[in-house]
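The lines below spell out each chain.
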Amino acid sequence: MTGSRVVALGHYQPAKVLTNHDLAAMVDTSDEWITSRVGIRTRHIGGPDEPVDELAAHAAAKALAAAGLQPADIDLVLVATSTAIDRSPSMSARVAARLGMEAPAVMDINVVCSGFTHALATADHALRAGAATRALVIGADKMGDIVDWTDRSSCVLMGDGAGAAVVVADTADSERPGIGPVLWGSVPGMGDAVRIEGTPPRFAQEGQSVYRWATTQLPPIARKVCERAGLTPEDLAAVVLHQANLRIIEPVARKIGAVNAVVARDVVDSGNTSAASIPMALSKLVERGEVLSGQPVLLFGFGGNLSYAGQVISCP
């Protein structure tokens, strides 16, 4: 069978930075309170003239440039997002139009915080089946539009941004596929622990329930992802978890047992950007040279719907 691999990455964030001190002037909080509880210091917030598809298109353009490809070379566009207000045109269609693409298949995927890893697996499956040859996989969310800025328990968490990956079919006979087998699932009975509901939509979550689930149930699943890829956690060069908050990332990474891996901590500077968090964090690790081409990287998304999806990829 044909495999697939990520060949390039790109990321984009709005220029406006909101610090913890800025938030302290808006709600009853402080820099010490925020950093001690979630580990976040800053987040980027887009303005009313920066829609989600614009963030996504900027990240996608950077990924295409890094891959040396033109928009016309792409025949599948997948956008993972949970902050698309309009139902049609989809975010993927709008991104394709912004980039001047010719006739790609377009699809949005809403699995909230694990959306990117679900979308990456979907692209891998499409390329393996011969339904596409080159895919653009994007995670983009504008959480600042749906957060309640008067609720200090949630507004301190969120940020806006986008990350993108170019995925191509790979027929090379290699020891390990460029994108390993996905392991995905959910806990439907606890799906309302993370919610984006109402008109206008607002984000809310049961923070303690999510914390307990993530820190106790997810590490064994992440180890099984490595097993499916034919690796041990010790073989990993990097671990990129959904950037929920530092109090979840650090214990989960530790329990996975990836003792030799760089652990992405982009949440400190970017906040929780939902579906954008994994591709943004990975793009920054690669840009800084903290992970080398070909090294194995665990991507593991989790959150809304109490869903999860993970795979090991070869670093582009």
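Keep in mind it's a predicted model, so treat the numbers as computed, not measured.

A. Representation of the overall build of the protein chain in the model. From N to C terminus, the protein chain includes 10 helices and 14 strands. For 316 residues, the compact-globule estimate of 2.2 N^0.38 gives 20 Å, and the C-alpha radius of gyration of the protein chain, at 18 Å, lies within 12% of that figure. With respect to the principal axes defined by its C-alpha atoms, the protein chain has extents near 55 × 45 × 40 Å. Out of the 316 residues in the protein chain, the part that is buried amounts to 58%. Once local pairs closer than 6 in sequence are excluded, the contacts in the protein chain between residues at least 24 apart make up 76%. On the protein chain, roughly 12,600 Å² of surface is accessible, and the fraction owed to carbon and sulfur atoms is 49%. Taking the average place of the 26 positive charges on the side chains of the protein chain and the average place of its 33 negative ones, the gap between the two points comes to 5 Å.

B. A look at the sheet that holds strand E4 (residues 76–80). Across the sheet, 5 strands lie side by side as E1-E7-E6-E4-E5; this open sheet has mixed pairing. Two strands close off the open sheet at either side, each with one partner strand: strand E1 (3–12) and strand E5 (105–109). Within this sheet the neighbouring strands show an average axis-to-axis angle of 20 degrees, counted without direction. Relative to strand E7 (residues 160–170), E1 runs antiparallel, the two being bridged by 9 bridges. Opposite serine 4, over in E7, you have alanine 169 as the bridge partner. Its contacts with the sheet place helix H4 (residues 91–99) against E4, E5 and strand E6 (134–142), and it is angled at close to 135 degrees to E5. Strands in contact with helix H10 (residues 277–287) are E1, E6 and E7; relative to E1, the strand with the most contacts, it is inclined by about 90 degrees.

C. Main features of helix H8 (residues 246–256). Along H8, the positions that sit buried rather than exposed are Leu246, Ile248, Ile249, Pro251, Val252, Ala253 and Ile256. Looking at the buried positions of H8, the neighbouring elements they touch are helix H7 (207–228), strand E11 (238–241), strand E12 (262–263), helix H9 (267–270) and strand E13 (296–303). The N-capping residue of H8, defined by a side-chain oxygen 2.7 Å from the backbone nitrogen of arginine 247, is asparagine 245. Just past H8, the residue glycine 257 takes up positive phi, approximately 90 degrees.

D. Broad picture of the state of the cysteines. Taken as a whole and assessed by the stated rule, the structure comprises 0 disulfides. Cysteine 155 takes part in no disulfide bond, and the closest cysteine sulfur, belonging to cysteine 113, lies 17 Å away. Judged by relative accessible area, cysteine 155 falls into the buried class, the value being 0%. For cysteine 315, which is in no disulfide, the shortest distance to another cysteine sulfur is to cysteine 226 and amounts to 16 Å. Residue classification places cysteine 315 among the buried positions, given a relative accessible area of 3%.

E. Focus on the nonpolar core. In terms of nonpolar packing, the biggest core is built from 50 residues, with Leu218, Leu236, Leu241, Leu298, Phe300 and Phe302 touching the most fellow members. Of all the elements in the fold, those that place two or more residues in this core are helix H2 (31–37), H7, E11, H8, H9, E13 and strand E14 (307–314). The leading source of residues in this core is H7, at 8 residues.

F. Examining the pairing of E13 more closely. Where burial is concerned, most of E13 is hidden: 8 out of the 8 residues are buried. Burial along E13 is two-sided: the residues Pro296, Leu298, Phe300 and Phe302 and Val297, Leu299, Gly301 and Gly303 are all buried. Pairing of E11 with E13, which is carried by 4 bridges, proceeds in the parallel orientation. For valine 240, the partnering residue across the bridge sits in E13 and is leucine 299. The sheet contact formed by E13 and E14 spans 8 bridges and is antiparallel. Counterpart to valine 297 in the pairing with E14 is isoleucine 313. Connecting E13 to the next strand, E14, in antiparallel fashion are 3 residues, including asparagine 305 with a positive phi near 70 degrees.

Rules used in this analysis
- Residues numbered from 1 in each chain as written.
- Predicted model: local features only at pLDDT ≥ 70, side-chain atom pairs only at ≥ 80, totals over all residues.
- Heavy atoms only, no water.
- Helix = DSSP H or I, 4+ residues; strand = E, 2+ residues; numbered from the N terminus.
- Rg over C-alpha atoms; globule rule 2.2 N^0.38 Å.
- Buried < 20%, exposed > 50% of the residue type's maximum accessible area, 1.4 Å probe, protein only.
- Contact = heavy atoms within 4.5 Å.
- Areas by Shrake-Rupley, 256 points an atom, 1.4 Å probe, with all protein chains shown as cover.
- Lys, Arg positive; Asp, Glu negative; His and termini not counted.
- Charge placed at Lys NZ, Arg CZ, Asp CG, Glu CD.
- Pairing = 2+ DSSP bridges.
- Axes fitted to C-alpha atoms, helices over the stretch in contact; angles between N-to-C directions.
- Polar contact = N/O pair within 3.5 Å; in protein donor to acceptor, adjacent residues only side chain to side chain.
- Disulfide = S-S within 2.5 Å.
- Core = buried A, V, L, I, M, F, W, Y, C linked by side-chain atoms within 4.5 Å.

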